[in-house]
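Working through the structure, step by step
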Amino acid sequence: MIETVGGVVRPPPVETVPLAQAHSRILAADIKADRDYPPIARSLRDGFAIHAADAPGTVSIIGETRAGEGRQPALARGYAVEIMTGAPVPSGADAVVMVEHVEHSGEKVTIPQAARVGQFINRQGAEAQAGTTLIPEGARLDASHIGTLAMTGHTGAAVYRKPSVAILSTGDELVDVGSTPAPHQIRNSNSYSLAALVIAAGGKAVILPVARDTEPELLSSLEQGLRYDLLLISGGVSAGKYDLVKPCLRQLGAEFLFERVKIQPGRPVAFGRIRDKFVFGLPGNPGSSMVTFLLFAKAALELLSGRREPLLPIVEARFEAPFEHRLGLTRFLPARLGENGSLRHEPWQGSSDLPALARANVFLIADHNRESWVAGDSIRVLLKP
Ligand code: AMP
Ligand code: MG
């Protein structure tokens with residue numbers, strides 16, 4: 001269980017996973033350099049290790065060194081060692097000249113140009129000195145982090161346990177995915193799209209049975225949902241007569257931190273604290289629940305996962321054609337981002353239009369205080385996970 005103390009989220013328990021399964025997990029302890037990187041000076045090119053002061057000029061080749069060989073004897077002035085990329089640079093040598101830039105005949109090599117001290121040498125400790133932090137606790141592990149763990153001798157990664165996230169869809173109109181709905185019914189799609197979003201954000205998704213819009217049924221489903229680290233509720237948070245989620249949560253002791261946001265879709269999204277848990281009431285239309293998850297619930301889930309810097313994946317794009325919307329609300333609308341950052345608004349019927357969302361690969365972000373854009377104007381877009 002993830003506990004909160006005075007609103008501060010305590011880090012979850014730690015587990016160790018094999019490196020191959022560590023991608024996207026949240027690191028539970030700093031990873032430090034176990035030695036200098038590189039541990040000895042190494043050549044960055046194929047060529048000749050020399051004394052920079054000998055260039056331009058002609059020097060004698062006294063040997064050869066390649067990657068995987070131990071340190072070579074010190075290099076005296078007037079001499080060069082033929083060196084391969086990655087090979088240790090002999091002491092004394094303070095520059096590497098590329099094989100393409102010299103004239104090489106027999107035992108002699110002529111360097112026509114001056115050499116800079118340190119050129120093409122990766123100094124000992126230049127990338128990292130022993131003991132420095134390479135990956136901070138709280139980082140979400142990507143492929144280069146996995147490589148860094150391997151480089152420093154870790155066969156596994158200490159990561160935070162994934163928070164469990166209960167998903168509770170509410171609504172009298174909902175039927176299970178496997179059923180054939182009557183014309184007035186719809187299949188419960190939100191539980192599955194939300195579960196996918198939860199998993200993509202690093203949580204463990206637990207889909208609870210759908211709750212009908214009655215107080216007793218909601219109260220008992222909510223109690224069940226509060227056994228998990230985070231509770232996401234879909235539907236029942238608007239102002240309708242049968243939107244009973246917030247009154248029921250209040251009965252159970254919830255305190256709301258916000259209950260409305262000036263966005264569309266998703267205006268009635270609610271966020272509250274109840275006992276030692278956090279809960280989101282996400283509006284039931286598929287577009288609304290998806291957008292509000294991405295904007296709010298995802299950050300909460302990431303913080304509960306031990307992640308330090310939840311980030312919204314937002315990039316800039318350019319409209320292919322003029323675009324307009326009504327002032328007042330910031331809108332997150334389905335759109336297609338193509339090559340070269342060009343953006344096409346995807347026409348939709350509103351936040352129930354799952355087919356339009358399926359055609360989109362981003363949400364364009366139409367700010368509340370700007371009404372129109374012409375072709376070529378730039379706009380921010382939120383990437384769809
Ligand atoms: P609500 O937020 O409860 O007022 O729901 C708004 C609309 O969203 C409903 O009329 C349904 O069409 C739709 N909806 C609610 N819950 C779901 C769900 N779990 N899956 C798909 N659509 C839903
Ligand atoms: Mg409803």
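Quick notes on the rules
- Residues numbered from 1 in each chain as written.
- Chains lettered and ligands numbered in written order.
- Predicted model: local features only at pLDDT ≥ 70, side-chain atom pairs only at ≥ 80, totals over all residues.
- Heavy atoms only, no water.
- Core = buried A, V, L, I, M, F, W, Y, C linked by side-chain atoms within 4.5 Å.
- Buried < 20%, exposed > 50% of the residue type's maximum accessible area, 1.4 Å probe, protein only.
- Helix = DSSP H or I, 4+ residues; strand = E, 2+ residues; numbered from the N terminus.
- Contact = heavy atoms within 4.5 Å.
- Axes fitted to C-alpha atoms, helices over the stretch in contact; angles between N-to-C directions.
- Parallel < 35°, antiparallel > 145°, perpendicular 65-115°, else oblique.
- Left-handed = near helix turned anticlockwise from the far one by under 90°.
- Nonpolar A, V, L, I, M, F, W, Y, C, P; charged D, E, K, R; others polar.
- Pairing = 2+ DSSP bridges.
- 1 Å grid on protein atoms, 1.4 Å probe; cavity = no way out; pocket = protein on both sides within 12 Å on 5 of 7 lines; lining within 4 Å.
- Points joined across faces, edges and corners; volume = space filled by probe spheres on them.
- Salt bridge = Lys/Arg side-chain N within 4 Å of Asp/Glu carboxyl O.

Counting residues in hydrophobic clusters, the biggest one holds 44 residues, and the most contacted among them are Leu232, Phe293, Leu343 and Leu364. Among the elements that make up this core, the one with the highest residue count is helix H5 (residues 286–304) (nine residues). Look past the residues within four positions of leucine 343 in its chain and what remains in contact with it is Ala317, Arg318, Phe319, Glu320, Ala335, Arg336, Leu337, Val362, Leu364, Ile379 and Val381. Grouped together as the second largest cluster of nonpolar side chains are 21 residues, Leu218, Leu219, Leu222 and Val245 included.

With their axes 10 Å apart at the nearest point, helix H2 (residues 190–200) and H5 run at an angle of 30° to one another. With respect to each other, H2 and H5 are oriented roughly parallel. Where H2 crosses over H5, the handedness of that crossing is right-handed. Packed against H2, whose contacting residues are Asn190, Ser193, Leu194, Leu197 and Val198, the element H5 presents Pro286, Ser289, Met290, Phe293, Leu294 and Leu301 at the interface. Along the lines of polarity and charge, the residues of the contact of H2 with H5 split into eight nonpolar, three polar and no charged.

Taken together, six strands build an open sheet; the order of strands is S18-S15-S19-S23-S22-S20 and the sheet is mixed. If you trace the sheet from one side to the other, it starts and ends with strand S18 (204–207) and strand S20 (255–258), each paired once. Ignoring which end each strand starts from, the neighbouring axes of this sheet average 25° apart. Relative to strand S22 (residues 270–274), S20 runs antiparallel, the two being bridged by three bridges. Bridging across to S22, phenylalanine 256 finds its partner in glycine 272. Packed onto the sheet, H5 meets strand S15 (164–169), strand S19 (230–234), S20 and strand S23 (277–282) and runs at close to 170° relative to S23.

Counting buried residues along strand S28 (residues 362–366), five of its five residues qualify, which places the element largely inside the surrounding structure. Residues of S28 alternate between two faces, with Val362, Leu364 and Ala366 on one and Phe363 and Ile365 on the opposite face, all of them buried. For strand S26 (residues 330–337) and S28, the ladder comprises five bridges, and the chain directions are antiparallel. Counted as the bridge partner of phenylalanine 332 is isoleucine 365 from S28. The pairing of S28 with strand S30 (residues 378–383) spans three bridges and is classified as antiparallel. Bridging across to S30, phenylalanine 363 finds its partner in leucine 382.

Further remarks concern empty space enclosed by the protein. Here the structure, examined in full by the defined rule, presents two cavities of 30 Å³ or more. Size it by volume and the largest cavity reaches roughly 80 Å³. Forming the boundary of the largest cavity are 13 residues, of which Ser24, Arg25, Ile26, Gly202 and Ser305 lie nearest the centre. Among the residues forming the lining of the largest cavity, the class breakdown is four nonpolar, three polar and six charged. Of the volumes computed, that of the second largest cavity is approximately 30 Å³. In terms of lining residues, the second largest cavity is bounded by Leu294, Lys298, Leu312, Pro313, Leu382, Leu383 and Pro385. Broken down by secondary-structure element, the contributors of at least two residues to the lining of the second largest cavity are H5 and S30.

Our next topic: the pattern of salt bridges. Tallied over the entire structure, the rule returns 14 salt bridges. In this structure, aspartate 54 and arginine 77 form a salt bridge, with 2.7 Å as the shortest nitrogen-oxygen distance. Within this pair, whereas aspartate 54 is found in the loop between strand S6 (47–50) and strand S7 (57–65), its partner arginine 77 is found in the loop between S7 and strand S8 (79–83), the two being separated by 23 residues in sequence. Three or more residues joined by partner-sharing salt bridges are found here, namely Lys246, Arg250 and Glu259.

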